[in-house]
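Reading the structure
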Amino acid sequence: MKILCSPNTEDVETYIKSRFEIGKKPLHLVPTMILYRRRLKFYFSFLRTFFNQTQISSKEFDIEEGIRQYVELFEVDQYIKHMVISASSSSTLSKSEATVILERIINQIPETNNLSWKSVIHDLARTFEELSLSGLSLNTLRSFDNSRKWQQALDIYELFLEDLQLRELADYGISANTKINELDVSIYDELILDGAFLPLSSRHQRIINKFIELNKPITIFLPYDLSTPDQPASKAIEDIYQNFLPKTEWESIQDKTRSSSFFIDRLPKLIFRDAQETKLDNSVSFLRFATLEEELSYIMRQVYVLVKYKEVNPRQVVIVTPNAMELRPLIREISEQNNLKVRLPQRPFMHLTQGRAIKYLYDIHTDIRKSTDSYLNIAMFKNFISSTLLRCNVGLSDSFEKIESFFVDCISIADWKSVLAALNTTKDQLIPEKYPHHPINSVEPKELKDMFEVIQALEEISNFLINISARTVKEHVRLLIKFLEEDNRFIKLEEPIQLRLTKITESLGTQERIPVTAMEFGERISALFSEQEDFEAGEKANVEEDDSDIFLDREILVTGPNNVEFQRYEYVYVCRFTQDVYPEPKKFDWLITKEIEYKIISNTTCFKLQSSKQLENFYLNRSLYHIHLMFCAANTQLTISYSQIDNGVALTPAHYLHDIAKVFGLEEGNKLENKKAPGLEELLIKSRVLKCPSSIKPLSHNEINTPALPKMLDERDFTVEEIAIYKYCPRRFYYQKKYQKENVYSQLFHLQSYASSCLYEKSVELLVLGQPKVIHEMIDQGKQHKLFLEKTKEYRMEAEKHIRPLFPLSNRLWSNVTSQTDFFLSTLMHWVFDNPYIREYRKSGNNNVTLQFFLTDHEKQIKIDDYTFTATKEFEVQYNHGEIHRYSISNRKDILSFSSNDHDEREHMKETKEWYDRFKRSFYNDAATAQTILTEITNKLSVGEFDKNAGGHCKYCTFNKLCHEREVDI
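Treat the numbers as computed from the prediction; the structure is a model and nothing was measured.

**As for the overall build of the protein chain**
The helix and strand tally for the protein chain stands at 39 helices and 19 strands. Expressed as a percentage of its 970 residues, the buried residues of the protein chain come to 53%. Look at the contacts in the protein chain between residues 6 or more apart in sequence, and 77% of them connect residues 24 or more apart. Of the roughly 45,700 Å² that the protein chain leaves accessible, carbon and sulfur atoms contribute 49%.

**A look at the packing of aromatic side chains**
Counted under the stated rule, the structure contains 56 aromatic pairs. Between Tyr760 and Phe824 the ring centres are 5.8 Å apart and the planes differ by 75°, which places this aromatic pair in the edge-to-face class. Here Phe824 lies in helix H34 (residues 811-833) and Tyr760 lies in helix H32 (residues 748-770), a separation of 64 residues in the sequence. By relative accessible area, Tyr760 is classed as buried at 1%. What makes Phe824 buried here is its relative accessible area of 11%. Taken together, the ring pairs in this structure connect Phe718, Tyr726, Phe733, Tyr734, Tyr735, Tyr739, Tyr867, Phe869 and Phe946 into an aromatic cluster.

**Things to note about the sheet that holds strand S5 (residues 218-222)**
Overall, parallel pairing links the six strands, which are arranged S3-S2-S4-S5-S1-S6 in an open sheet. Pairing within the sheet leaves two strands with one partner each, and these edge strands are strand S3 (72-75) and strand S6 (251-252). Sheet strands touched by helix H1 (residues 9-19): strand S1 (2-5), strand S2 (26-30), strand S4 (190-194) and S5. Its angle to S5, the strand with the most contacts, is close to 155°.

**Re the nonpolar core**
Residues Phe407, Phe807 and Val832 are the most contacted members of the largest nonpolar core, which totals 130 residues. The element best represented in this core is H32, accounting for 10 residues. Among all residues touching Val832, those that are not within four sequence positions of it are Ile838, Leu851, Phe853, Phe875, Val877, Tyr879 and Tyr887. Counting residues in each nonpolar core, the second largest holds 88 residues, with Ile34, Leu200, Val320 and Leu615 among its members.

**Examining the environment of Asn8**
When you line up the elements, Asn8 lands in the loop between S1 and H1. Given a relative accessible area of 8%, Asn8 falls into the buried group. Residues Asn8 and Tyr224 lie 216 residues apart in sequence; the distance between their C-alpha atoms is 8.8 Å. Discounting residues that sit within four places of it in the chain, Asn8 has contacts with Gln254, Lys256, Phe566 and Arg568.

**Describing the packing of helix H8 (residues 121-134) against helix H12 (residues 202-213)**
At their nearest, the axes of H8 and H12 sit 8 Å apart, and the two run at 20° to each other. Taken as axis vectors, H8 and H12 run roughly parallel relative to one another. As for how H8 packs across H12, the hand of that crossing is left-handed. Along its contact with H8, which presents Glu130, Leu133 and Ser134, the element H12 presents Ser202, Arg203 and Arg206. When its residues are assigned to classes, the contact of H8 with H12 shows one nonpolar, two polar and three charged.

**Remarks on helix H14 (residues 263-270)**
Of all eight residues in H14, seven are buried, a share of seventy percent or more. Phe263, Ile264, Asp265, Arg266, Leu267, Pro268 and Leu270 are the residues of H14 that are buried. The elements touched by buried residues of H14 are strand S7 (284-291), helix H27 (612-633), strand S12 (634-646) and helix H28 (656-663).

**Points about the pattern of salt bridges**
A full pass over the atoms with the stated rule returns 46 salt bridges. Residue Asp155 pairs with Arg142 through a salt bridge whose shortest N-O separation is 2.8 Å. With Asp155 in helix H10 (residues 148-167) and Arg142 in helix H9 (residues 138-142), the pair connects residues that are 13 residues apart, well separated along the chain. Its relative accessible area of 35% is what places Asp155 among the partly exposed residues.

**Digging into a negative patch on the surface**
Together, Glu907, Glu911, Glu914 and Asp917 make up a negatively charged patch on the protein surface. Summarising the element assignment, Glu911 is placed in helix H37 (residues 906-925).

**Things to note about the confidence of the model for the protein chain**
Chain-level pLDDT for the protein chain is 86 on average; 89% of the residues reach the 70-or-more range. Within the model, pLDDT remains below 50 along residues 695-709, and this stretch shows 20 contacts once partners closer than five positions in the same chain are excluded. In the predicted structure, residues 966-970 sits below a pLDDT of 50 and forms 18 contacts with residues beyond four places in sequence or in another chain.

**Brief notes about unusual backbone geometry**
The omega torsion of the bond from Leu198 to Pro199 falls at -10°, within 30 degrees of zero and hence cis. Here Pro199 lies in the loop between S4 and H12. The phi dihedral of Glu168 is positive, around 60°, even though this residue is not glycine. As for its position among the elements, Glu168 is in the loop between H10 and helix H11 (172-182). Positive phi values are uncommon outside glycine, yet His881 reaches one of about 60°. Tracing the sequence through the fold places His881 in the loop between strand S18 (867-879) and strand S19 (883-887).

**Observations regarding the side chain of Arg266**
Looking at where Arg266 falls in the secondary structure, it is placed in helix H14. The side chain of Arg266 is buried and forms no salt bridge, while Asp281, the nearest opposite charge, is found at 4.2 Å. A distance of 3.4 Å separates a polar side-chain atom of Arg266 from the backbone oxygen of Ser261. Filtering out sequence-adjacent residues up to four positions away, Arg266 remains in contact with Ser260, Ser261, Thr278, Lys279 and Asp281.

**A word on the environment of Lys446**
With respect to the helices, strands and loops of the structure, Lys446 is situated in helix H21 (residues 445-466). Relative accessible area serves as the criterion here: at 51%, Lys446 is assigned to the exposed category. When the C-alpha positions of Lys446 and Asn424 are compared, they lie 9.9 Å apart, and in sequence the two are 22 residues distant.

**Concerning the pairing of S19**
With five bridges connecting them, S18 and S19 associate as antiparallel partners. Residue pairing in the sheet places Val877 in a bridge with His885 of S19.

**Observations concerning the packing of H8 against H11**
At a minimum axis distance of 7 Å, the contact between H8 and H11 shows a crossing angle of 15°. By the criterion of interaxial angle, the relationship of H8 to H11 is roughly parallel. Where H8 crosses over H11, the handedness of that crossing is right-handed. Facing H8, whose interface residues are Glu129, Ser132 and Leu133, H11 presents Tyr172, Gly173, Ile174, Ala176, Asn177 and Ile180. For the contact of H8 with H11, the class distribution of residues is five nonpolar, three polar and one charged.

Rules and cut-offs
- Residues numbered from 1 in each chain as written.
- Predicted model: local features only at pLDDT ≥ 70, side-chain atom pairs only at ≥ 80, totals over all residues.
- Heavy atoms only, no water.
- Helix = DSSP H or I, 4+ residues; strand = E, 2+ residues; numbered from the N terminus.
- Buried < 20%, exposed > 50% of the residue type's maximum accessible area, 1.4 Å probe, protein only.
- Contact = heavy atoms within 4.5 Å.
- Areas by Shrake-Rupley, 256 points an atom, 1.4 Å probe, with all protein chains shown as cover.
- Phe/Tyr/Trp six-rings, centres within 6.5 Å; stacked < 30°, edge-to-face > 60°.
- Pairing = 2+ DSSP bridges.
- Axes fitted to C-alpha atoms, helices over the stretch in contact; angles between N-to-C directions.
- Core = buried A, V, L, I, M, F, W, Y, C linked by side-chain atoms within 4.5 Å.
- Parallel < 35°, antiparallel > 145°, perpendicular 65-115°, else oblique.
- Left-handed = near helix turned anticlockwise from the far one by under 90°.
- Nonpolar A, V, L, I, M, F, W, Y, C, P; charged D, E, K, R; others polar.
- Salt bridge = Lys/Arg side-chain N within 4 Å of Asp/Glu carboxyl O.
- Patch = residues over 30% accessible without salt bridge, like charges linked within 9 Å, V, L, I, M, F, W, Y side chains within 5 Å.
- Lys, Arg positive; Asp, Glu negative; His and termini not counted.
- Charge placed at Lys NZ, Arg CZ, Asp CG, Glu CD.
- pLDDT = per-residue confidence, 0-100.
- Polar contact = N/O pair within 3.5 Å; in protein donor to acceptor, adjacent residues only side chain to side chain.

In structure tokens:
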């Protein structure tokens with residue numbers, strides 16, 4: 001066995017080339033698909049002279065198969081998969097079929113026949129696969145932990161193995177374990193392990209052991225610099241590979257030392273060590289952003305400029321970030337905005353709207369959240385009417401968004417039918433002029449009918465699918481596709497979607513071992529379709545012959561730190577360099593805990609751990625190694641960036657930033673000795689090392705500054721409530737007047753408040769009509785005050801008979817409406833029975849006061865030039881047949897426009913409402929002040945000044961979508 005070391009990937013390739021012998025066939029295994037592609041390209045370039053040139057020019061020529069005539073090159077897990085697939089065994093279950101058997105077993109055991117165990121079936125299948133691959137006996141596994149959870153899981157595992165044995169079947173783990181046991185390494189002349197496998201797994205170890213048993217040569221290439229043996233980042237490699245060969249026997253194949261001209265070249269050697277400081281230059285840059293979105297947008301823009309204008313090969317640019325999978329949706333969105341192609345796997349079929357719609361057809365009956373015979377929520381329905389799967393009228397989705405709040409508590413098809421029937425009644429009864437903000441005004445009766453027909457179709461389709469008799473997975477898929485193609489309720493699938501479904505069907509050739517019910521098929525259709533699309537994830541390396549094509553038809557790689565081992569890129573962007581992801585947290589499985597994992601590793605590999613703490617330390621060392629890899633991968637420019645906030649959570653830079661800064665001689669003071677000592681970030685900014693880009697704009701193809709069209713209004717009559725809206729957000733005011741048909745309250749927060757305002761207004765009307773006589777009150781006793789607090793609830797209940805049919809909300813939501821209304825009414829009664837006039841009247845020695853209620857249409861107007869401003873107060877209270885107090889009872893419906901449920905906006909909202917109250921008082925009592933305010937506003941209206949006041953309230957704004965999409969007058 002040889003362990004050969006060099007941090008340079010070129011040294012490995014030079015060594016392989018120098019000793020490669022045609023006729024001797026090595027097994028060459030690498031730890032990542034990215035390194036696999038690199039080595040595949042190397043072998044193709046090196047061995048192509050031995051290929052049949054006519055074959056190479058053929059479109060059917062398979063580069064991987066051609067190379068495997070001379071060397072068996074594989075990513076290690078793909079090699080095991082290749083062995084299983086090559087056997088063409090009809091006895092190996094798919095993952096989906098294995099979960100069917102597991103679920104049946106779990107259902108048979110009283111202790112596990114519950115939602116908790118059923119919800120982790122896929123986790124169990126994955127765990128059992130790993131346990132089978134370990135090659136450990138059931139008794140050995142039981143000895144690792146005495147916890148009930150572990151023992152129960154192994155009971156299921158034992159029954160699972162017995163069931164498979166009776167059926168003469170095996171899952172992937174059992175088949176892979178068998179293939180490793182049966183592996184005949186005599187067909188190979190050497191084993192090459194290329195890259196650091198951290199840690200080695202039992203399957204890796206067993207392959208190595210087979211070569212050792214036959215005394216076959218083993219060569220291990222490690223990205224390790226023997227000239228810097230004290231580099232702490234290499235500790236993880238030493239922990240594993242010293243078990244094979246003492247480090248004193250490791251050999252260096254490093255042909256040349258990396259240039260030390262720039263800081264980027266010196267950083268990998270100096271970081272994490274007590275070494276001499278070195279000067280920082282422009283080869284490394286540090287960026288700080290406010291949010292993660294800004295950070296990624298800026299990086300994408302920089303990459304765009306590099307590729308398009310500086311003609312950098314996209315393959316020489318990499319974006320490195322932990323948990324790259326989690327960021328794929330955001331990165332994909334930003335890359336599409338910036339016209340960049342990023343190497344991200346295509347969206348799984350089940351993530352497309354059509355794929356989700358197919359899944360939801362089964363979820364109607366299989367969703368674990370259902371409490372009746374069906375389950376249907378808003379997200380599912382919106383997907384159906386916008387998925388291009390079901391036939392429905394164009395624009396139905398936009399109309400539904402206006403009324404979707406009425407369906408918040410709908411969880412079954414029966415619920416949906418009931419609410420749609422109620423909305424039809426509302427549509428017939430509602431007077432649009434009286435309730436102009438009601439969302440039903442923006443929906444036509446035919447659209448409600450169309451929605452009902454969609455619900456009816458969903459019920460019929462889902463019932464048909466769930467009642468299909470038991471059959472194999474392949475037969476279920478074939479029948480499903482045939483149904484989608486032939487039933488005229490479905491839209492003809494687009495060619496790319498049809499092609500993907502065809503590929504899925506073709507790949508299901510082996511899924512014919514066990515019959516499954518329609519319910520079992522529907523419960524795992526999402527995992528099933530994703531499983532069958534594994535071939536899309538890049539098993540083919542797609543080696544490119546032409547390196548000259550460097551423009552936007554190539555892809556930017558986005559990957560994790562572990563995947564840049566033995567790689568070099570001209571430009572490396574390290575994103576999300578924050579404390580929450582560095583060091584990369586090792587997430588142990590809920591079932592295979594770190595205590596169990598360390599015992600499995602110790603029992604199946606040469607890495608003999610003494611405790612779970614030792615395993616934990618190893619993973620911390622591995623994280624340090626992965627960070628070191630990112631610095632080693634950069635050739636020309638390394639950019640390290642981080643953001644301060646993600647999803648509202650404050651972030652701090654990774655503490656490894658201190659290690660980088662230490663290399664160029666910048667360290668923060670001792671905070672324990674001097675609390676006022678500047679922090680590292682402050683020092684970096686002061687030294688102009690850390691930059692904080694403040695303006696991020698998405699790129700467009702033609703970045704032309706087109707002047708916005710002037711926003712002018714012809715209307716000249718406004719209410720004081722509308723002026724308050726202008727004060728809150730001028731753009732909101734403009735859209736409200738320009739697009740009056742869109743001015744409806746559709747969001748639940750506003751809809752409930754609107755219903756409450758309407759109920760409040762009707763309650764006050766009934767109160768006044770029900771109390772036509774003079775009310776006599778003894779102030780010090782307040783009997784009438786207390787009595788009316790109770791009476792208002794009675795009038796509110798009476799008002800509900802008129803208002804609730806107009807707002808068919810669930811009982812849960814309506815209780816919020818009544819609670820809010822009762823609060824408004826009690827507040828009004830407080831103003832009526834306890835106000836400055838009554839208190840002063842009482843101080844004058846009077847205890848008896850009379851009150852009488854009136855409803856009026858009292859309006860006050862102020863005219864400025866050709867503008868007219870109006871205030872209305874409909875409720876009058878006359879005291880002692882003289883003093884009159886007036887109150888607005890309809891204004892709440894309008895001031896909802898500047899209401900927000902956003903915590904950060906409450907202060908701004910409060911200020912606006914206080915301004916509105918002061919302004920309305922001045923409108924009645926201080927005309928000069930009101931005119932001054934209105935003159936200022938009319939000057940702005942005259943010149944079309946409708947600036948956007950962006951903030952947290954925007955997400956509650958009726959015109960949110962309009963504001964984002966148009967930004968200009970139309």
